[in-house]
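Observations on chain architecture
Okay, here's what each chain looks like letter by letter:
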Amino acid sequence: MSNSLLPLESPSPAHICPFDQACSYLEAAAKELKLDPGLLAILSNPRKVITVSIPVKRDNGEIQVLAGHRVQHSDILGPYKGGTRYHPAVTLREVSALAMLMTWKCALLGIPYGGAKGGIAIDPKSYSVNELERITRRYTSELIKDIGPSVDIPAPDMGTSAREMAWMMDTYSVNVGHAVPGIVTGKPLSIGGSRGREMATGRGVMIIVREALHSRGKSLVGVRVAIQGFGNVGAAAALLLYQAGAKVIAVSTGSGGIYAEAGIDIPALKAYALQNRKSIANFPQAVAISNAELLTLPCDVLIPAALENQITEKNVDLVQAEIVAEAANGPVTLVANQSLEARGVTVLPDILANAGGVVVSYLEWVQGLSYVFWDEERVNREMEQLMVQAYRQVMEQSKVRGISSRLAAYTLGVGRVGQALTDRGLYP
Ligand code: NAD
């Protein structure tokens, strides 16, 4: 019998439900840890699931009502923490899965946070900046009693950025009557953001890939990398890998990708995308490829940095990379993961590979609480230390238990939360 109390909302039996997948990983870790079934049942369910109506006046005067979610999975180790996603595919079960992943990610990295996630099912490209501001402010105001700097701290995710965080911070602050920078992380520097936050998730991906290559006696220099997604995470990872000497041979966005055997000039591509409203199409000295082609290119490292469920049982046999680094959350399905592991491909799991963002969010929160702000070098150094430590712990756990790096990461995260739950005990 399933432990999950969440209502089902899968559109079709063929649909891969992200929450079911997240529960499968949890169950595998629980089995490995011989976790008490009662603890497993608690951890299988979010503590709080919130859905709010967001009435928004469009620029043409029409009123539209959107559904906004915030799922708080666990606050056993500290305040809930997690991003806010604006994407048409957002569902309550997806947000719940992402909230659960945040719990294990924070525990794995040893930072004192629980896990949460928020989202609104919109395509931000279909709304004006003014409409997006109204949506973000109303969403924040509907959640006002459920968030707070020691309760639940949102951050950017797909489709949101420092701009939305500034609107959230302002809305919260105006409502409580004083400035509360600690209500969000990933905010602009002008209101207490941290240096290094913008590049943090991409930097973390680069660090974990570098460590994985070191474990194989290799370095980043000359390594052939393909990256799906050229947003916050993908573009930052691409730039840092390029600067470290890797050859980024392909990148893509939602509207397709580009490929250059000799390697893409990433600073030039970033400037090009900036000039062309984020489009990378027709970039000189590269040929067009589809997203499907990018995933199956011959390369050393494949970095899916866009959406969930990109490497599935349908295309996994065509994947040629030696290392797959999950910069996105859940880009490799459970079945595909098993197949890659069976072939000896190293899968660097999302809760490790993309944890750089939440680590620097934590450092931003610490700086805000202490009113002392660090230079970028210190932020990057502190983040790198936590990332490398987590990588080594995962590899050690994988070796000692004879399990995959994904299961090792989950056993560490789930085990720490389970231990804290046991020590705190059950109320009442
Ligand atoms: P973003 O919105 O900045 O960028 C997403 C990129 O993916 C864009 O280039 C977009 O064009 C591309 N994309 C969209 N649909 C696609 C499709 N169908 N095929 C290929 N590409 C597509 O988002 P982001 O913040 O970079 O987040 C990307 C992933 O990383 C998400 O899974 C997110 O949860 C995860 N993540 C983000 C952060 C963060 O700090 N932003 C932290 C941890 C994990």
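Just so we're clear, the structure is a prediction, and the values are computed from it rather than from any experiment. (Residues numbered from 1 in each chain as written. Predicted model: local features only at pLDDT ≥ 70, side-chain atom pairs only at ≥ 80, totals over all residues. Heavy atoms only, no water.)

Before going further, it helps to spend a moment on the pattern of salt bridges. Scanning all chains against the criterion turns up 26 salt bridges. Asp59 serves as the salt-bridge partner of Arg134, at 2.8 Å between the closest nitrogen and oxygen. Remark: Asp59 occurs in the loop between strand 1 (48–57) and strand 2 (63–74) and Arg134 occurs in helix 4 (residues 129–142); sequence separation between them is 75 residues. Asp157 serves as the salt-bridge partner of Lys117, at 3.2 Å between the closest nitrogen and oxygen. Of this pair, Lys117 sits in strand 4 (residues 115–120) while Asp157 sits in the loop between strand 5 (152–156) and helix 5 (162–176); the two residues are 40 residues apart in sequence, bridging distant segments of the chain. Each member of the pair, Lys117 as well as Asp157, carries the same accessibility label: buried. Where salt bridges share partners, they join Arg85, Glu94, Lys117, Asp157 and Glu308 into one cluster. (Salt bridge = Lys/Arg side-chain N within 4 Å of Asp/Glu carboxyl O. Helix = DSSP H or I, 4+ residues; strand = E, 2+ residues; numbered from the N terminus. Buried < 20%, exposed > 50% of the residue type's maximum accessible area, 1.4 Å probe, protein only.)

Below, the discussion takes up the domain arrangement of the protein. Here the protein is described as being made up of domain 1 (18–25 + 44–179) and domain 2 (200–344). Each of domain 1 and domain 2 has a C-alpha centre, and the two are 27 Å apart. The interface is formed by 13 residues belonging to domain 1 together with ten residues belonging to domain 2. Across the interface of domain 1 and domain 2, roughly 910 Å² is buried in total on both sides, 45% from carbon and sulfur atoms. It is Gln21, Tyr25 and Met158 that lose the most area in domain 1 upon contact with domain 2, and together they represent 43% of the buried surface on that side. Of the charged contacts, one joins Glu308 and Arg85 as a salt bridge, the two residues approaching to 3.3 Å between their closest N and O atoms. Linking domain 1 to domain 2 there are five residue pairs in polar contact (both at pLDDT 80 or more). Elements with a contribution of two residues or more to the side of domain 1 that touches domain 2: helix 1 (18–33) and helix 3 (92–109). Top contributing element to the side of domain 1 that touches domain 2 by residue count: helix 3, with four residues. When its residues are assigned to classes, the side of domain 1 that touches domain 2 shows four nonpolar, four polar and five charged. (Domains from an automatic or database assignment. Contact = heavy atoms within 4.5 Å. Buried area = accessible area lost by both parts, 1.4 Å probe. Polar contact = N/O pair within 3.5 Å; in protein donor to acceptor, adjacent residues only side chain to side chain. Nonpolar A, V, L, I, M, F, W, Y, C, P; charged D, E, K, R; others polar.)

Taken as a whole, this structure holds five aromatic pairs when the rule is applied. Ring centres of Tyr272 and Phe283 lie 5.3 Å apart, and the angle between their planes is 75 degrees; on these two criteria the pair is classed as edge-to-face. With Tyr272 in helix 8 (residues 266–275) and Phe283 in the loop between helix 8 and strand 9 (287–289), this pair connects stretches of sequence that are eleven residues apart. This pair shows no difference in class: Tyr272 is buried, exactly as Phe283 is. When the centroid spacing of 6.5 Å and the interplanar angle of 40 degrees are considered together, the rings of Tyr362 and Trp365 count as tilted. Of the two residues, Tyr362 and Trp365 are both situated in helix 12 (residues 356–370); the distance of three residues between them amounts to about one turn of the helix. Residue Trp365 is classed as buried on the basis of its relative accessible area of 14%. An aromatic cluster is present here, built from Tyr113, Tyr362 and Trp365 joined pairwise through their rings. The ring of Tyr113 has Lys81 lying over it, and the distance from NZ or CZ to the ring centre is 5.9 Å. Its end group placed over the ring of Trp374, Arg378 keeps NZ or CZ at 3.9 Å from the ring centre. (Phe/Tyr/Trp six-rings, centres within 6.5 Å; stacked < 30°, edge-to-face > 60°. Lys NZ or Arg CZ within 6 Å of the ring centre and 35° of its normal.)

Ordered in space as 9-8-7-6-10-11-12, the seven strands form an open sheet in which the pairing is mixed. The open sheet terminates on both sides in strands that have one partner only, identified here as strand 9 and strand 12 (346–348). Each neighbouring strand pair of the sheet contributes to a mean axis angle of 20 degrees, computed without reference to strand direction. Here two bridges tie strand 10 (residues 301–304) to strand 11 (residues 323–325), and the two strands are oriented parallel to one another. (Pairing = 2+ DSSP bridges. Axes fitted to C-alpha atoms, helices over the stretch in contact; angles between N-to-C directions.)

Looking now at the site of the ligand. Neighbouring the ligand are 22 residues, the closest being Arg85, Asp157, Thr201, Asn232 and Asn329. Asp157 has a polar side-chain atom sitting 2.7 Å from an oxygen atom of the ligand. Note that an oxygen atom of the ligand is positioned 2.9 Å from one of the backbone N or O atoms of Asn232. For the ligand, the accessible surface in isolation is 830 Å², of which the surrounding protein chains cover 83%. Those elements that place two or more of their residues in the shell around the ligand are helix 6 (197–215) and helix 7 (232–243). Partitioning the shell around the ligand into residue classes produces eight nonpolar, eleven polar and three charged. (Near = heavy atom within 4 Å. Areas by Shrake-Rupley, 256 points an atom, 1.4 Å probe, with all protein chains shown as cover.)

One finds Val251 and Ile303 to be the most contacted residues of the largest nonpolar core, which totals 95 residues. With ten residues, the single largest contributor to this core is helix 3. Those residues in contact with Val251, other than ones at most four positions away along the chain, are Ile227, Phe230, Gly257, Ile258, Ile264, Ile266, Leu269, Ile280 and Leu294. (Core = buried A, V, L, I, M, F, W, Y, C linked by side-chain atoms within 4.5 Å.)

Tracing the backbone shows Ser74 in strand 2. In terms of polar contacts, Ser74 uses its side chain to reach the backbone amide nitrogen of Ile76, at 3.2 Å. Not counting chain neighbours up to four residues away, the residues in contact with Ser74 comprise Tyr80, Thr103, Gly114, Gly115 and Val417.

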